[in-house]
Amino acid sequence: MKNKILNSIVVVTLLALVIGCKPKTEDVAIDKEQIKNEIQAIENKMAEMFNERNVKAEEYYAADATSFSQNKPPLVGKAAIEKSIKEDLANFPKGYQIAFVVNEIFPSSDGVQVVEIGNYRVSDSTSAPLYTGNFIAVFEKREGKYVCVRDMSASDKNVDPKK
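To start, this report covers the structure provided alongside it. Within each chain, residues carry numbers counting from 1 in the order of the written sequence. It should be noted that, the model being predicted, local features are given only for residues of pLDDT at least 70 and side-chain atom pairs only at 80 or more, the latter also being counted only at that level, while totals for whole chains, interfaces and linings use all residues. In computing side-chain values, all of the structure's heavy atoms are included and hydrogens and water are not.

## A short note on helix α3 (residues 78–90)
In step 1: Secondary structure elements follow DSSP: runs of H or I no shorter than four residues count as helices, runs of E no shorter than two count as strands, and numbering proceeds from the N terminus. Any helix carries an expected span of 1.5 Å times its number of residues minus one. Here α3 contains 13 residues, and its C-alpha end-to-end distance of 18 Å stays within 8% of the 18 Å for a straight helix at 1.5 Å per residue.
In step 2: Here's how the labels work: a residue is buried when its accessible area is under 20% of the maximum for its type, exposed when over 50%, partly exposed in between, all with a 1.4 Å probe on protein chains only. Along α3, the positions that sit buried rather than exposed are Ile81, Glu82, Ser84, Ile85 and Leu89. The buried residues of α3 all sit within an arc of 160 degrees when viewed along its axis, so they share a single face. The exposed set on the far side of α3, more than 90 degrees from its buried face, consists of Ala79, Lys83 and Ala90.
In step 3: Contacts between residues were defined by any pair of non-hydrogen atoms, one from each residue, lying within 4.5 Å. Of the surrounding elements, those touching the buried residues of α3 are α2 (32–51), β1 (61–68) and β2 (75–76). In this description, the arc belongs to the directions extending from the helix axis to the C-beta atoms.

Below, the structure written as C-alpha cells:
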C-alpha cells in the first residue's frame, strides 16, 4: 500500500515537473510604431482616393470585409462597400477633403491582426474644418500587407432632421 502511494506521489511529481518545465514558446517581437505607421499609410491612401473621388475598395478592404455605417445595413464584400462609398462621394461637395488619423492600435501578439481606433476630419476647400468623426477598424495581414476586414464609423456631424 505504501509503495502505491509513494509511486503515485513520484508519478504526480514527475508529471508536474514535466508540465512546469515545458519550454516556453517564443513571443514574436512586434514593433507597434512600425505597425501604426503602416496603418496610417493605408489611411492616407484611402483619404487620397476619397479626395480624388476615385475609391478602389481592393486597395483597402479584404474580399470578405464588412463595413458598418450609420443609417445603413452592414455592407458585406468589397463591391458593396465600394458602391456605397461612391454613392456617398456623389453627395460630397466639390472641394471638400477628408483626412484619417490613427489614434491608437492594438495588435495581436503576432502582429497579424490589428485593431485601429482613429478619427477623421472633413474640411472645405479653404481647409476650414466642417465636421469630424471617429472609427474603429480591424486589419489582418494577408499576403504580406494589411487589409481592413471590419470597420465602423460614427460622425460627430449634427444633422437637422427638418432639412
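## Brief notes about the packing of aromatic side chains
In step 1: Classification of ring pairs rests on two measures: the distance between centres of Phe, Tyr or Trp rings, Trp counted by its six-membered ring, which must be within 6.5 Å, and the angle between planes, read as stacked under 30 degrees, edge-to-face over 60 and tilted in between. For the structure on display, the rule yields six aromatic pairs.
In step 2: Seen in terms of ring centroids, Phe50 and Phe100 are 5.7 Å apart; in terms of plane orientation they differ by 70 degrees. Their pairing is edge-to-face. With Phe50 in helix α2 and Phe100 in strand β3 (residues 97–107), this pair connects stretches of sequence that are 50 residues apart. We note that Phe50, like Phe100, is buried.
In step 3: Here Phe100 and Phe135 contribute two aromatic rings whose centre-to-centre distance is 5.9 Å and whose plane-to-plane angle is 85 degrees, an arrangement assigned as edge-to-face. Of the two residues, Phe100 is situated in strand β3 and Phe135 in strand β5 (residues 129–142); the sequence distance between them amounts to 35 residues.
In step 4: Classification of Phe100 by relative accessible area gives buried; the value is 12%.
In step 5: For Phe135, a relative accessible area of 9% translates into the label buried.
In step 6: Clustering of aromatic rings is evident, with ring pairs tying together Phe50, Phe100, Tyr120 and Phe135.

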